[in-house]
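The lines below spell out each chain.
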Amino acid sequence: MLKGKQRNVTIFPNGHLVSRSSDWIMYSVEAKSIDAVVAAYGPSTKLGAVVGGQTSTKAPEIAAFEKHLPSDIEIVTCHSLHGPKVDPKGQPLVIINHRASPRAVQLVERILSCFQSKMVTLSAEMHDRITADTQAVTHAAFLSMGTAWQANNQFPWQMARYVGGIENVKINLMLRIYSNKWHVYAGLAILNPSARAQIRQYAESVTELFKLMLGGQREELIERIHAARTAVFGTERIEGQELLLEDDLLDRFSLGEKPAERVKNNQLALLAMVDCWWKLGIVPYDHMICSTPLFRLWLGIVEYLYRNEELLNECIETGLYDTTFRSDDLEFTFAARDWSERVSLGHMDGYREKFEKMQNYFAPRFPEATKLGNEMIRTIEANLNDRRLKQKTQT
Ligand SMILES: NC(=O)C1=CN([C@@H]2O[C@H](COP(=O)(O)OP(=O)(O)OC[C@H]3O[C@@H](n4cnc5c(N)ncnc54)[C@H](OP(=O)(O)O)[C@@H]3O)[C@@H](O)[C@H]2O)C=CC1
Ligand SMILES: O=C(O)C(=O)Cc1ccc(O)cc1
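Residues numbered from 1 in each chain as written. Chains lettered and ligands numbered in written order. Predicted model: local features only at pLDDT ≥ 70, side-chain atom pairs only at ≥ 80, totals over all residues. Heavy atoms only, no water.

Visitor: Mind laying out the site of ligand 1, listing which residues take part and the relevant values?
Guide: In the vicinity of ligand 1, 18 residues are found, and the nearest of them are V29, E30, S56, K181 and H183. Here V29 contributes a backbone N or O atom positioned 2.6 Å from an oxygen atom of ligand 1. Starting from 900 Å² of accessible surface for ligand 1 in isolation, the protein chains cover 58%. Listing elements by their share of the shell around ligand 1, those giving two or more residues are α2 (34–41), β3 (74–80) and α7 (182–190). Counted by class, the shell around ligand 1 contains 6 nonpolar, 10 polar and 2 charged residues. In this structure, the shell around ligand 1 is formed jointly by two domains, domain 1 (11–122) and domain 2 (126–394), each of which donates at least three residues. (Near = heavy atom within 4 Å. Polar contact = N/O pair within 3.5 Å; in protein donor to acceptor, adjacent residues only side chain to side chain. Areas by Shrake-Rupley, 256 points an atom, 1.4 Å probe, with all protein chains shown as cover. Helix = DSSP H or I, 4+ residues; strand = E, 2+ residues; numbered from the N terminus. Nonpolar A, V, L, I, M, F, W, Y, C, P; charged D, E, K, R; others polar. Domains from an automatic or database assignment.)

Right, dumping it as structure tokens:
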């Protein structure tokens, strides 16, 4: 029974009754089921209605609309670029006019304006290309971190090496992804035609960098890391330019006890990300208009590392000469390759099986991590906005 303000909402027994009586319909279902759901209810769409979807990958959604909707139905679809419990205000909201009149686009924009999100107009193809660069490959990195920790039977917040600074962001975002539904990430990775190659390159970058570390190939490693840095972040640090993130801010969001002295880490996951962007010719800043909070935090910690010469050198030296964490890096490399293979095979069940195994392992910490993660996203996003604003007013 609906209470209070929602008393005027009537829940129909099925999608046919919704379709035949609605002027605007948004399909917000699993991407893997979109074809079956639109096949079932699409033919019942009210004459003159506008139809869209909220799935994270537009290729299968558009294919389903084209196949099953009557040809006189207008198609304006969308994608909110944030997860649950994030304030939609100011977050990107992609609007795609696939087959519609300006009147239909305006109707959808007016309805969705209540989110107070930042609307961005893109084509479906462009949307999928950008989200493969931003979301799919970012998720691959965090899924692999979790898999490696589980394989070594670790809860990273219990280990000095993984507490404080950028480690906090890594752990919180990893837990955030595993606390969400498997089909969201499987859909993003497997059904997006551009995602496979990106995820494969990430796994290759991890493997190749790890081999250079194992082989003690100092010069090649330095050369490769610096070449990637130049391609992604430019040749020099602009004087006075502030970093997106700072130590004291990052240290606030810890699930564990911070050690007196920071323990070194070679940050293979972050080095591989920049290497992957370089190899694929991706400049992540170009995608800010269509980015999620998670991607901005990921880019924030990567930038934090690459714009700090001392810290980057420390990662290189640790990677080459500190063998204490070789087993972590070995498991991380296996994990990145295994996720990539599962995505390439394109089997939803293979993805689900692995995702849910990790989800069960980390589940006891989800409530605490979700609370802390929400707070972290709120605080860091506010900080990023302040800085962008300051930088804008200075230029
Ligand atoms: N979660 C996120 O962070 C984001 C998700 N998205 C996208 O939004 C979509 C929905 O995701 P989310 O809400 O998280 O997932 P949920 O699993 O919570 O929701 C999917 C819903 O679809 C319903 N559904 C599935 N099949 C049918 C059917 N045949 N008839 C009627 N209803 C059906 C399910 O009903 P039932 O439970 O009864 O099976 C369920 O309520 C996905 O495509 C996802 O990629 C987009 C942005 C962010
Ligand atoms: O921010 C992320 O990448 C998330 O994990 C949340 C999310 C998941 C699916 C989407 O389509 C949009 C946002």
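Visitor: Residue-level account of the site of ligand 2, with values.
Guide: Taken together, S56, H79, S80, H82, G83, Q135, H139, V184, Y185, L188, T292 and L294 form the complete shell of residues around ligand 2. Taking H79, its side chain carries an N or O atom lying 2.5 Å from an oxygen atom of ligand 2. At the level of secondary structure, the elements contributing two or more residues to the shell around ligand 2 comprise β3, α5 (124–151) and α7. Residues that form the shell around ligand 2 fall into these classes: 4 nonpolar, 8 polar and no charged. Two domains each put at least three residues into the shell around ligand 2: domain 1 (11–122) and domain 2 (126–394).

Visitor: Describe the nonpolar core, with residues and values.
Guide: Y202, W298 and Y351 are the most contacted members of the largest nonpolar core, which totals 81 residues. Ignoring any residue separated from it by four or fewer positions in sequence, one finds W298 in contact with T138, A141, F142, M145, L173, A269, L270 and M273. Counting residues in hydrophobic clusters, the runner-up holds 11 residues, among them Y27, V51, I73 and I75. (Core = buried A, V, L, I, M, F, W, Y, C linked by side-chain atoms within 4.5 Å. Buried < 20%, exposed > 50% of the residue type's maximum accessible area, 1.4 Å probe, protein only. Contact = heavy atoms within 4.5 Å.)

Visitor: Pulling in residues and values, what's your account of the side chain of R176?
Guide: Within the secondary structure, R176 is located in helix α6 (residues 165–179). On the accessibility criterion, R176 (16% relative accessible area) is buried. Residue contacts for R176: discarding those within four places in its chain leaves P84, V86, T370, G373, N374 and I377.

Visitor: Which residues make up the packing of helix α8 (residues 195–214) against helix α14 (residues 326–345), and what values go with them?
Guide: Relative to each other, α8 and α14 sit at 155°, their axes nearing to 9 Å. In terms of their interaxial angle, α8 and α14 are classed as roughly antiparallel. The handedness of the crossing between α8 and α14 comes out as left-handed. In contact with R196, I199, R200, Y202, A203, V206, T207, F210, M213 and L214 of α8, α14 contributes R326, D329, L330, F332, T333, A336, R337, S340, V343 and S344. (Axes fitted to C-alpha atoms, helices over the stretch in contact; angles between N-to-C directions. Parallel < 35°, antiparallel > 145°, perpendicular 65-115°, else oblique. Left-handed = near helix turned anticlockwise from the far one by under 90°.)

Visitor: Describe the domain arrangement of the chain, listing the residues and the values that go with them.
Guide: Looking at the chain, the domain boundaries give domain 1 (11–122) and domain 2 (126–394). Put simply, the middle of domain 1 and the middle of domain 2, counted by C-alpha atoms, are 31 Å apart. Between domain 1 and domain 2, the residue contacts involve 20 residues of the former and 25 residues of the latter. Together, the buried faces of domain 1 and domain 2 total about 1,700 Å²; carbon and sulfur atoms form 68% of this surface. Across the domain 1-domain 2 interface, the total number found is 5 residue pairs in polar contact (both at pLDDT 80 or more). (Buried area = accessible area lost by both parts, 1.4 Å probe.)

Visitor: Would you mind going over the sheet that holds β3 in detail, with residue names and values included?
Guide: One open sheet accounts for 5 strands, arranged β1-β2-β3-β4-β5; its pairing is mixed. Edge positions in the sheet fall to β1 (24–27) and β5 (118–121), since each of these pairs with one other strand and no more. For this sheet the average axis-to-axis angle between neighbouring strands, irrespective of direction, equals 25°. Examined bridge by bridge, strand β2 (residues 50–53) and β3 share 2 bridges and lie parallel to one another. In the strand pairing of β3, V50 is matched with E74. (Pairing = 2+ DSSP bridges.)

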